[in-house]
Amino acid sequence: MSEVPPMTGDDTPTEAVPLEPVTPAPTPTEAAGPQMSIDVVSIFPEYLAGLQLSLIGKAVERGQLSLGVHDLRDFTFDRHNTVDDSPYGGGAGMVMKAEPWALALEHILGELGSTIEGESPNGVRTDDAVVGSKPTLIVPSPAGKVFDQRIAEDLADRDHLVFACGRYEGIDQRVIDWAAEHFELLPMSIGDYVLNGGEVASMVMIEAISRLIPGVIGNPESLAEESHEDGLLEYPIYTKPANWRGREVPEILLSGNHAAIARWRRDRRLERTAEVRPDLLERLDDLNKDDLVALERFESERSTVTE
Ligand code: 6GU
């Protein structure tokens, strides 16, 4: 029996967060099944509640995306639901224990019907989509490869993503090595800084990936011209009124000359990228002659300004 927490001032019992499944039962019209399943394992499942809002929440409601959030402590059996212990070899901080992670990941593998040979309940795979492909296990870590739009695009094609949100100093390496046999293992960082745990990083990656799944975003054209989609930052945008507090919208946008507007926007993207992210420009190999002319012009304009 677990201990009953003392009641606080008001006598409303604290509601347990609905941990899993977050996905409602599919309606007959959604019989085709979701385009992607995402599972997240965390000791703070409440963190992931934000994913039920906005476009991702809508995609889950429509059955395009299946989202399961799992509490790591549900896979512990001691009275304190221990998930961590001190590191072998000494050192600061705590290490996440292997067994709860293995049980949580086995639970997810079993749930989907993608099996560990000889370990499945009845040896039958129930989901054709997963036969022959291992689910992808993303382990957020500042020691991982840096996540970017290319990786988001690549991952948007997968059937099943699992995010293992570590806390403390990290997870016992042996369960990571074990998981590499059953999953496509991807340690991922979201940038060169340190977070307290993988939850926020997972939400960042889930948002970037799931908005690329066909049908999740209302207007697929809005994906095409975005920053990073083709390696350039976005052009500046404006809406009514044409004069706001004395500031005018660039005249060309009111001209109706679509070719000229397209060139102006392209130039603004090149100019912004050259100024803010010159590292991105260096990676581009499909700049045309007009692009190169524009870049040279910005370059000489800037050097005359700074001289
Ligand atoms: Cl993915 N996790 C943690 N804990 N810190 C990070 C990170 C991830 N990416 C950058 N810093």
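Residues numbered from 1 in each chain as written. Predicted model: local features only at pLDDT ≥ 70, side-chain atom pairs only at ≥ 80, totals over all residues.

## Quick word on the overall build of the protein
And then number 1: Scanning the protein for helices and strands turns up nine helices and nine strands.
And then number 2: Put simply, the protein has 307 residues, and 24% of those count as buried.
And then number 3: Partitioning the intrachain contacts of the protein with sequence separation of at least 6 by distance along the chain shows that 75% fall at a separation of at least 24. (Helix = DSSP H or I, 4+ residues; strand = E, 2+ residues; numbered from the N terminus. Buried ≥ 20, exposed ≤ 12 C-beta atoms within 10 Å, placed from the backbone. Contact = placed C-beta atoms within 7 Å.)

## Some details on the confidence of the model for the protein
Interpretation of the predicted coordinates at a detailed level should be avoided for regions scoring low in pLDDT.
And then number 1: Looking at the protein as a whole, the pLDDT averages 86, with 82% of positions reaching at least 70.
And then number 2: In the predicted structure, residues 1-19 sits below a pLDDT of 50 and forms seven contacts with residues beyond four places in sequence or in another chain.
And then number 3: pLDDT under 50 marks residues 114-130. Its contacts with residues more than four places away, or in other chains, come to 23 contacts. (pLDDT = per-residue confidence, 0-100.)

## A closer look at the pairing of strand 2 (residues 65-71)
And then number 1: Across the seven residues of strand 2, seven count as buried, placing the element largely inside the fold.
And then number 2: Alternating residues of strand 2 divide into Leu 65, Leu 67, Val 69 and Asp 71 and Ser 66, Gly 68 and His 70, and every residue in both groups is buried.
And then number 3: Chirality of the crossover, the property in question, places the unit of strand 1 (residues 36-42), helix 1 (residues 54-61) and strand 2 among those that are right-handed. (Right-handed = clockwise from strand over helix to strand, strands pointing away.)

## Concerning the sheet that holds strand 2
And then number 1: The sheet built from five strands is open, its strands ordered 2-1-6-5-7 with parallel pairing. Every interior strand has two partners, whereas the edge strands, strand 2 and strand 7 (184-189), have only one. Direction aside, neighbouring strands of the sheet carry axes that sit 25 degrees apart on average.
And then number 2: When strand 5 (residues 136-146) meets strand 7, the two strands line up parallel, connected through seven bridges. Each bridged residue has a counterpart across the sheet, and for Ile 138 the counterpart in strand 7 is Leu 186.
And then number 3: Against the sheet, helix 5 (residues 198-210) engages strand 1, strand 2, strand 5, strand 6 (160-164) and strand 7, with an angle of about 115 degrees to strand 5. (Pairing = 2+ DSSP bridges. Axes fitted to C-alpha atoms, helices over the stretch in contact; angles between N-to-C directions.)

## Topic: the nonpolar core
And then number 1: With 43 residues, the main nonpolar core has Leu 65, Ile 138, Val 162, Ala 164 and Met 205 as its most contacted residues.
And then number 2: Taken together, the elements giving at least two residues each to this core come down to strand 1, helix 1, strand 2, helix 2 (98-112), strand 5, strand 6, helix 4 (173-179) and helix 5.
And then number 3: Contacts of Ala 164, omitting those with residues within four sequence positions, involve Val 41, Trp 101, Leu 137 and Val 139. (Core = buried A, V, L, I, M, F, W, Y, C linked by C-beta atoms within 7 Å.)

## Overview of the site of the ligand
And then number 1: The environment of the ligand is formed by 13 residues, the closest being Pro 140, Pro 142, Ser 189, Leu 195 and Ala 201.
And then number 2: Listed by contribution, the elements that provide at least two residues to the shell around the ligand are strand 5, strand 7 and helix 5.
And then number 3: Among the elements that line the shell around the ligand, the one with the most residues is strand 5, at three residues.
And then number 4: Here the shell around the ligand is built from residues that sort into eight nonpolar, five polar and no charged. (Near = placed C-beta within 6 Å. Nonpolar A, V, L, I, M, F, W, Y, C, P; charged D, E, K, R; others polar.)

## Observations regarding the environment of Asp 157
And then number 1: Within the element layout of this structure, Asp 157 appears in the loop between helix 3 (149-155) and strand 6.
And then number 2: In this structure the C-alpha to C-alpha distance between Asp 157 and Met 36, which are 121 residues apart in sequence, comes to 8.3 Å.

## A look at helix 7 (residues 258-276)
And then number 1: With 19 residues, helix 7 ought to run about 27 Å at 1.5 Å a step, and its terminal C-alpha atoms sit 27 Å apart, in line with that.
And then number 2: Here helix 7 has its buried residues at Arg 269, Leu 270 and Thr 273. Taken end-on, helix 7 shows its buried residues confined to a sector of 95 degrees, consistent with a single buried face. Opposite the buried face of helix 7, at more than 90 degrees from it, the exposed residues are Ala 260, Glu 275 and Val 276. (Expected span 1.5 Å × (residues − 1). Arc of directions from axis to C-beta.)

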